[in-house]
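Chain by chain, the residues run as shown.
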Protein chains: 2
Amino acid sequence: MVFPQIPAFAGAPGVIRLVGHRGARGVLPENTLEGFEFALKTGVDLLELDVTATRDGVVVITHNHHLTRSMVRDANGNWLQGAEPKVSALSYAELLRYDVGGLDGASAYGRRFPDQAFLTGLRIPRLADLLALLQQPQHRGVHLLLEIKSDPDLLADTAARQALVEAVVSDVRAARMQPRTVLHSFDWDLLADCQRIAPEMPASYLTQLPENTDDAGEDSSKAVNPVAGCTVLDLPDRVAAARGRFWCPYYLDITPQSLARARELGLVTIVWTVNAPEDIERMIDLGVDAICSDYPGRVQRLLLTRGLHWRSD
Amino acid sequence: MVFPQIPAFAGAPGVIRLVGHRGARGVLPENTLEGFEFALKTGVDLLELDVTATRDGVVVITHNHHLTRSMVRDANGNWLQGAEPKVSALSYAELLRYDVGGLDGASAYGRRFPDQAFLTGLRIPRLADLLALLQQPQHRGVHLLLEIKSDPDLLADTAARQALVEAVVSDVRAARMQPRTVLHSFDWDLLADCQRIAPEMPASYLTQLPENTDDAGEDSSKAVNPVAGCTVLDLPDRVAAARGRFWCPYYLDITPQSLARARELGLVTIVWTVNAPEDIERMIDLGVDAICSDYPGRVQRLLLTRGLHWRSD
């Protein structure tokens, strides 16, 4: 199958792609329309985002399964107290009571993003809201790396898992955004469902070797990560065997040999989440297809300084 | 005279104000509408900007008197080659050929702002363009710290200097923005003209002691700075004697004693340009009225972490 998404994310001579991670998490609150709009205004045409579903089946853009104290305020503007409500236990209307416009600087998660602007009154968006934005003509070149968050509590609930994939695919199809969307997950079983339910969208396989983590203050991928026991050089073959078209390794895992193998297999390789200047430079030197970063301006600068660009147009 | 601008910029219990320097120079290209819009979207309601005039008398928002190689591209998208044209020698139509959407990472100036996004097709705006934006109802609480750049080549040309002040004041009055504008300069003679021509706007006196500088890669204030030979403790009295209402010292110059003296004299004290976290923290601890920064998100975070805010509404 020929996927138009592949050239959109694949590197090219003089081009290493730039993916805005959750919009531009270093600058603006993650997974908000405001963050995505900022990324778009600054010429970032590949957006990474995370989705899950509410109790009433609305696909929403948020990373953690629970509303998280360090980044969510209640209707009175206070950081969440007590138990953190699960997104899938709330209706979309209930979710709209919460403010996701900023981080608590006293939290470990907040300290990771010291420059992020602090806004008030921001809401968790629906996937449909972002898709509507991207249907505006000036955004016709924008593509999505749409991560489906697999609920560790529902690993055995086949029906619930399929319902989530179907809801996501239904939104994408309703917006006719399939040619501009890649389905992305740490959960390889879910990606098999994606390939079956929506064969028109390539599947993107996230990997992180257990010895490396960078997820202080947020949900870990460990629960659904099937690559324990692998070396990084095994991963491209594993992805190809699963009929994945994109391989998305953690940036501390990737090696020149594994990247070369991914290329032999025809995979698009996107590294995440690359934020420190020296790490961005190392990924550029390695020649990955794309870099997913919370600091897109920083990646732009380092690419340009080497005579490279993040877009081929 | 009662100036509504004074409470807008003055600190208050629990409040240290935040001024976006040239918009948000650490994030987006300086003195562009895109940069100002970003600052506004992130809740920054005090904007600093620089103006000068074109050959045909259009007041434009730009810092240096010459289009500068490190931040200006020509109509072909190349960094400026050869002599850097003077803004006052170009018509506004000619100025529109140049692109100010990004910094050259190979330059000393570019290296100062490694995270600034790189855009293409941005133009030097007219002051009138920004004033029109701020007349939108959602921006009615926004105030300007409008720096008039004094041309060192024209220090003796009284008519030209007055014409610049008159052109600026005319734009501000046409937009009825006088109650929301402070006229700000390093050139104290120009500020005397401002007070005479536009007594409805308070004058803001910039100072920088000659032993401290941070202007690598941009026009220096030295040529018009009248405070050589002063100590920092002399400056508030000098500003008050000149009938200034705002004192804007370089952040490395200010001391607790000089701030206390400014307060005794009823001056609003705004420090510039405070970017490093430890410097922002020191200014918060000192208790200045307002902090002017290229990184407004960073200042927001550090204020909130101390239980402070940058707005009183």
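Before reading further, recall that the structure is shown in the block above.
Residues numbered from 1 in each chain as written. Chains lettered and ligands numbered in written order. Predicted model: local features only at pLDDT ≥ 70, side-chain atom pairs only at ≥ 80, totals over all residues. Heavy atoms only, no water.

Some remarks on the relation of the copies chain A and chain B
Part 1 of the reasoning: In the superposition of chain A on chain B (RMSD 0.0 Å, axial shift 0.0 Å), the rotation amounts to 180 degrees. The relationship between the two copies is best expressed as a two-fold rotation axis.
Part 2 of the reasoning: Of the residues that chain A buries at the interface, 100% are likewise interface residues in chain B, meaning the two copies contact each other through the same surface. (Least-squares fit on C-alpha atoms with pLDDT ≥ 70 in both. Contact = heavy atoms within 4.5 Å.)

Some points on the side chain of A:Lys149
Residues and elements named next belong to chain A.
Part 1 of the reasoning: Within the secondary structure, Lys149 sits in the loop between strand E4 (143–148) and helix H6 (158–174).
Part 2 of the reasoning: The class for Lys149 is buried, based on a relative accessible area of 9%.
Part 3 of the reasoning: Reaching out from Lys149, the side chain makes a polar contact with the side chain of Glu147 at a distance of 2.8 Å.
Part 4 of the reasoning: In contact with Lys149, other than residues within four places in its own chain, are Asp50, Val51, Thr62, His63, His65 and Leu164. (Helix = DSSP H or I, 4+ residues; strand = E, 2+ residues; numbered from the N terminus. Buried < 20%, exposed > 50% of the residue type's maximum accessible area, 1.4 Å probe, protein only. Polar contact = N/O pair within 3.5 Å; in protein donor to acceptor, adjacent residues only side chain to side chain.)

Re the interface of chain A and chain B
Part 1 of the reasoning: Taken together, the contacts link 25 residues of chain A with 25 residues of chain B.
Part 2 of the reasoning: Interface area for chain A against chain B, summed over the two sides, is near 1,900 Å², with a carbon-plus-sulfur share of 53%.
Part 3 of the reasoning: For chain A, the biggest contributors to the area lost against chain B are A:Asp115, A:Phe118 and A:Arg301; these three give 33% of the whole.
Part 4 of the reasoning: At the junction of chain A with chain B, the criterion picks out four salt bridges.
Part 5 of the reasoning: Notably, a salt bridge pairs B:Asp115 with A:Arg298, separated by 2.6 Å at the nearest N-O pair.
Part 6 of the reasoning: The interface formed by chain A and chain B includes eight residue pairs in polar contact (both at pLDDT 80 or more).
Part 7 of the reasoning: Listed by contribution, the elements that provide at least two residues to the side of chain A that touches chain B are helix H2 (33–41), helix H4 (108–111) and helix H11 (296–305) of chain A.
Part 8 of the reasoning: Counting residues per element, the side of chain A that touches chain B draws most heavily on H11(A), at six residues.
Part 9 of the reasoning: Looking at side-chain class alone, the side of chain A that touches chain B contains twelve nonpolar, seven polar and six charged residues. (Buried area = accessible area lost by both parts, 1.4 Å probe. Salt bridge = Lys/Arg side-chain N within 4 Å of Asp/Glu carboxyl O. Nonpolar A, V, L, I, M, F, W, Y, C, P; charged D, E, K, R; others polar.)

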